[in-house]
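The lines below spell out each chain.
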Amino acid sequence: MTQLSVNVNKVALLRNTRTIGIPSVTRAAQICIEAGAYGITVHPRPDQRHIRPSDVYEVAEIVTGVEFNIEGNPFETGYMEIVRKVKPTQCTLVPDSPEAFTSDHGWDLSKDGERLGPVIQEMVDLGSRVSLFMDYDSDEIPRARMVGADRIELYTEPYAEAFREGKDLEGVFEGYAKAAKIAQDAGLGVNAGHDLNLENLGKFCSIPGILEVSIGHALIGEALEMGLANTVKAYLEILEKT
């Protein structure tokens, strides 16, 4: 069964529009855990527009027994300081610039692989698993293992767009299946994330060996209609059938 890690960034985004701490990021994380989520994901950005460092530390206190995944760019201000203090289960490294609206592309390892190597080694020494955000059509996927990563996270927005628009869905889907196989043959675990939702998740996770999906924006949006616990359970029902 593919595991579900719930990204609680959008809870923090809503909380940040007021100054009274509602909704609570830690409470949302606890609800997800109690509903059966395998883990919790946060993505602290330098501008603190959603998750703040204080949120990361508070969530770290309640995730005992489940995976804690911290996403971010290790070369931007603040990320490595957080990782060194928290020592999360998993670090998912993304090549976002500080002004990025959202994560929208994977690493170029021919450009960044050399400087990623020492950073990844430090995270491994801290006891964290390391996953690199990668495009499904990149020819550098095997190189992720060479620079020390344990896994890749396939950037799934192109799949979600193909599913939504109905354009070359099977071709794109096969491209992701091929990318997953290439990664697995290179000794890498495969995670996935970005714009996965209740409609498109089941098909995607029919790809063999997808270990984990990280879902936030769609899940929180759907929770406005379904309730957060019910939304998590709905995702788990899909994953149990794939």
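Check the entry above for the structure.
Residues numbered from 1 in each chain as written. Predicted model: local features only at pLDDT ≥ 70, side-chain atom pairs only at ≥ 80, totals over all residues. Heavy atoms only, no water.

K.L.:
Please give an account of the overall build of the protein that cites residues and values.
P.N.:
What the protein contains, in helices and strands, is 11 helices and eight strands. Taking 18 Å as the expected radius of gyration for a compact globule of 242 residues, we find that the protein reaches 17 Å, a close match to that expectation. The principal-axis extent of the C-alpha atoms belonging to the protein is close to 45 × 40 × 35 Å. Counting only residues that meet the buried cut, the protein has 53% of its 242 residues in that class. Long-range contacts, defined here as pairs at least 24 residues apart, represent 65% of the contacts in the protein between residues at least 6 apart. Carbon together with sulfur atoms contributes 50% to the accessible area of the protein, which is approximately 10,900 Å² in total. Counting 23 positive and 37 negative side-chain charges, the protein places the centres of these two groups 4 Å from one another. (Helix = DSSP H or I, 4+ residues; strand = E, 2+ residues; numbered from the N terminus. Rg over C-alpha atoms; globule rule 2.2 N^0.38 Å. Buried < 20%, exposed > 50% of the residue type's maximum accessible area, 1.4 Å probe, protein only. Contact = heavy atoms within 4.5 Å. Areas by Shrake-Rupley, 256 points an atom, 1.4 Å probe, with all protein chains shown as cover. Lys, Arg positive; Asp, Glu negative; His and termini not counted. Charge placed at Lys NZ, Arg CZ, Asp CG, Glu CD.)

K.L.:
With reference to specific residues and values, describe the sheet that holds strand 2 (residues 39-42).
P.N.:
The eight strands are arranged 1-2-3-4-5-6-7-8 in a closed barrel whose pairing can be described as parallel. Taken over all neighbouring pairs, the strand axes of this sheet differ in orientation by 25 degrees on average, direction set aside. Two strands pair when backbone bridges link them, and strand 6 (residues 151-155) and strand 7 (residues 189-193) are joined in this way by five bridges, in the parallel orientation. What sits directly across from Leu-154, in strand 7, is Ala-192. Packing of helix 8 (residues 169-185) onto the sheet brings it into contact with strand 6, strand 7 and strand 8 (210-215), and relative to strand 6 it is tilted by some 170 degrees. (Pairing = 2+ DSSP bridges. Axes fitted to C-alpha atoms, helices over the stretch in contact; angles between N-to-C directions.)

K.L.:
Give a detailed account of helix 11 (residues 228-240), specifying residues and quantitative values.
P.N.:
Taking 1.5 Å as the rise per residue, helix 11 with 13 residues should run 18 Å; its terminal C-alpha atoms sit 18 Å apart, in good agreement. Regarding helix 11, the residues found buried are Leu-228, Thr-231, Val-232, Ala-234, Tyr-235, Leu-236, Ile-238 and Leu-239. Structurally, helix 11 contributes buried residues whose contacts are with strand 1 (3-7), helix 2 (25-34), helix 9 (201-204), strand 8 and helix 10 (217-226). (Expected span 1.5 Å × (residues − 1).)

K.L.:
Go over the packing of helix 2 against helix 11 with me, naming the residues and quoting the values.
P.N.:
Each packed pair of helices is defined by two parameters, the angle between the axes and the distance between the axes. Where helix 2 meets helix 11, the closest approach of the two axes is 9 Å, and the angle between their N-to-C directions is 40 degrees. Taken together, the axis directions place helix 2 and helix 11 in an arrangement best described as oblique. Helix 11 is crossed by helix 2, and the crossing has right-handed handedness. Of the residues in helix 11, those touching helix 2 at Ala-28, Ile-31 and Cys-32 are Leu-228, Ala-229 and Val-232. (Parallel < 35°, antiparallel > 145°, perpendicular 65-115°, else oblique. Left-handed = near helix turned anticlockwise from the far one by under 90°.)

K.L.:
Pulling in residues and values, what's your account of the state of the cysteines?
P.N.:
Per the stated rule, a full pass over the model turns up zero disulfides. Looking at the unpaired Cys-32, the closest cysteine sulfur is the one in Cys-205, lying at 17 Å. (Disulfide = S-S within 2.5 Å.)

K.L.:
A description of the environment of Arg-129 should follow, citing residues and the corresponding values.
P.N.:
Relative to the elements of secondary structure, Arg-129 occurs in strand 5 (residues 129-134). The exposure class assigned to Arg-129 is buried, which follows from its relative accessible area of 19%. Between the alpha carbons of Arg-129 and Asn-69 there is a distance of 9.2 Å; along the sequence they are 60 residues apart.

K.L.:
Pulling in residues and values, what's your account of the pattern of salt bridges?
P.N.:
Following the criterion strictly, the structure yields 13 salt bridges and no others. Residues Glu-67 and Arg-129 are paired through a salt bridge, measuring 2.3 Å at the closest nitrogen-oxygen approach. Taken as a pair, Glu-67 in strand 3 (residues 67-72) and Arg-129 in strand 5 lie far apart in primary sequence, 62 residues in all. By sharing partners, the salt bridges in this structure join Glu-67, Arg-129, Arg-151 and Glu-212 into a single network. (Salt bridge = Lys/Arg side-chain N within 4 Å of Asp/Glu carboxyl O.)

K.L.:
Can you lay out the side chain of Glu-153 for me, pointing to particular residues and giving the numbers?
P.N.:
When you line up the elements, Glu-153 lands in strand 6. The buried charged residue Glu-153 lacks any salt bridge partner; its closest oppositely charged side chain belongs to Arg-151, at an N-O distance of 8.7 Å. With near-sequence residues (within four places) excluded, Glu-153 lies in contact with Glu-71, Thr-92, Ser-131, Leu-132, Phe-133, Met-134, Asn-191, Ala-192, Gly-193 and Ser-214.

K.L.:
Describe the pairing of strand 6, listing the residues and the values that go with them.
P.N.:
The buried fraction of strand 6 is high, at five of five residues. Burial along strand 6 is two-sided: Arg-151, Glu-153 and Tyr-155 facing one way and Ile-152 and Leu-154 facing the other are all buried. Alignment of strand 5 against strand 6, held across four bridges, turns out to be parallel. The partner of Ser-131 across the bridge, within strand 6, is Arg-151. As for the winding sense of the linkage, the β-α-β connection from strand 5 through helix 6 (residues 141-146) to strand 6 is right-handed. (Right-handed = clockwise from strand over helix to strand, strands pointing away.)

In short, shape yes, function no, at least from these values alone.
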